[in-house]
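Chain by chain, the residues:
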Amino acid sequence: MNTGSFDDFGMHILCIDDSASQLVLYRDLLEGMYRVSLAETYEEAVACLSSMRPDLILLDMNMPKVSGLAFLDILRYTPNYASVPVIIVSGDSDVEHVKEAFRRGAADYVLKPYDGEELALRINRLFQLIARARRSERVSLSVEGSGVLAPAQALLVQSLSDLASARDNENTRHLERVGLYARALAETAAKNPLFRNSIDGPFIDKIAEMARLHDIGKVNIPDYILKKEGPLTDREREHVRTHTTDGARMIDMIRLSFPDYAFLDFARELVLSHHERWDGTGYPGALAARAIPLSARIVAIVDTFDAITTDRPYGKAVGFDEASAIIAEGRGTAFDPDIADAFKFCQARFREIYEKQGEGAPA
Ligand SMILES: [Fe+2]
Ligand SMILES: [Fe+2]
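About the thresholds
Residues numbered from 1 in each chain as written. Chains lettered and ligands numbered in written order. Predicted model: local features only at pLDDT ≥ 70, side-chain atom pairs only at ≥ 80, totals over all residues. Buried ≥ 20, exposed ≤ 12 C-beta atoms within 10 Å, placed from the backbone. Helix = DSSP H or I, 4+ residues; strand = E, 2+ residues; numbered from the N terminus. Pairing = 2+ DSSP bridges. Right-handed = clockwise from strand over helix to strand, strands pointing away. Axes fitted to C-alpha atoms, helices over the stretch in contact; angles between N-to-C directions. Contact = placed C-beta atoms within 7 Å. Expected span 1.5 Å × (residues − 1).

Draft legend 1. Representation of the pairing of strand 1 (residues 12-16). In terms of burial, strand 1 is largely enclosed, as 4 of its 5 residues are buried. As defined by bridge partners, strand 1 adjoins strand 2 (residues 35-39) across 5 bridges and the pair is classed as parallel. Looking across to strand 2, one finds that I13 is bridged to V36. Taken together, strand 1, helix 1 (residues 20-30) and strand 2 constitute a β-α-β crossover, and its handedness is right-handed. Relative to strand 3 (residues 56-60), strand 1 runs parallel, the two sharing 4 bridges. Bridge assignment links I13 to a residue of strand 3, and that residue is L56.

Draft legend 2. Layout of the sheet that holds strand 1. Strand order in the open sheet formed by 5 strands is 2-1-3-4-5, and the pairing between neighbours is parallel. In this open sheet, the two edge strands, each paired with only one partner strand, are strand 2 and strand 5 (108-111). This sheet shows a mean twist of 20° between the axes of neighbouring strands, independent of strand direction. Two strands pair when backbone bridges link them, and strand 3 and strand 4 (residues 86-90) are joined in this way by 4 bridges, in the parallel orientation. Counted as the bridge partner of L59 is I88 from strand 4. Those strands touched by helix 1 are strand 1, strand 2 and strand 3, and its axis lies near 180° from that of strand 2.

Draft legend 3. Summary view of helix 12 (residues 294-308). The terminal C-alpha atoms of helix 12 lie 22 Å apart, and with 15 residues this matches the ideal 21 Å at 1.5 Å per residue to within 8%. In terms of burial, helix 12 is a largely internal element, 12 of the 15 residues being buried. Looking only at helix 12, the buried set comprises L294, S295, A296, R297, I298, V299, A300, I301, V302, D303, F305 and D306. Packing partners of the buried residues in helix 12 comprise helix 7 (174-189), helix 8 (201-210), helix 11 (263-273), helix 13 (320-329) and helix 14 (337-345).

Printed below as a string of structure tokens:
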């Protein structure tokens, strides 16, 4: 079979499939033409991606733990991999699923059982397009020069929080307010000698920036659940809960591309742990008291406060005073008692944000 072309020799393909026999088929088909790496689990795929950047990924739609669609999202929003084309190979011919895969950035969709030669031709066609794009990229790079790092970090956080706001709480400014409230609460808590060593200026700046990312994992939750009016079923609730671990995984993927971006560890902590409760009954880790990262203990309060003062598909907003009373009630059960005390001492600043930035306020 001659499907290769002049400039795709040495191209690297990562094949991800939970079936070992499918991986053998890929290897037999592709190894003479390309460099081939195989991954049978999500963890193996992540390990491969941390050590190399493939030119193409063949991805099974139905992987355990992380679905093909969720993996597509992770790749698409990980700067180093966003431009790696992904061919979905799946036995699922449901046209809605096929369309969803394309919406999430799949370059192609091949149905199992497939014809080996056809798959190789599709791969070759993609490689020709990539080679063409790379040639024009080289031309424009030589004209423009390269970027700088610090604005790149800010841009990364900005794009992540744009992504988060596009997905969750559409038309509300929940994430913006959570950032503002988090700064106010951290500044007040810093006055308590207990936090003198842990909450300093850089901590306050980081939490103000990163708190906006707390629900980033919701990109993987379908709209029909996020916007459902009325109570969720047990299964739907379980699904929503995965936004903490999914969000942390997204940040892990970004760290693969930017190993020096230690500031993302801070975001990871609050993304993973903002639904933990002081009494140990929260999720995903059922952590208790100070085992919960401080950033997450602060975000837990401001996220709850803003959620209950905003109209949601599943409930009407309560007023400022009622919301403050609910936070006070959670002192020592849901919330860190010392942070809940700090909350009491910054009512004036919260009220100012609530009135200027709340849903009733002018946009
Ligand atoms: Fe959340
Ligand atoms: Fe939230």
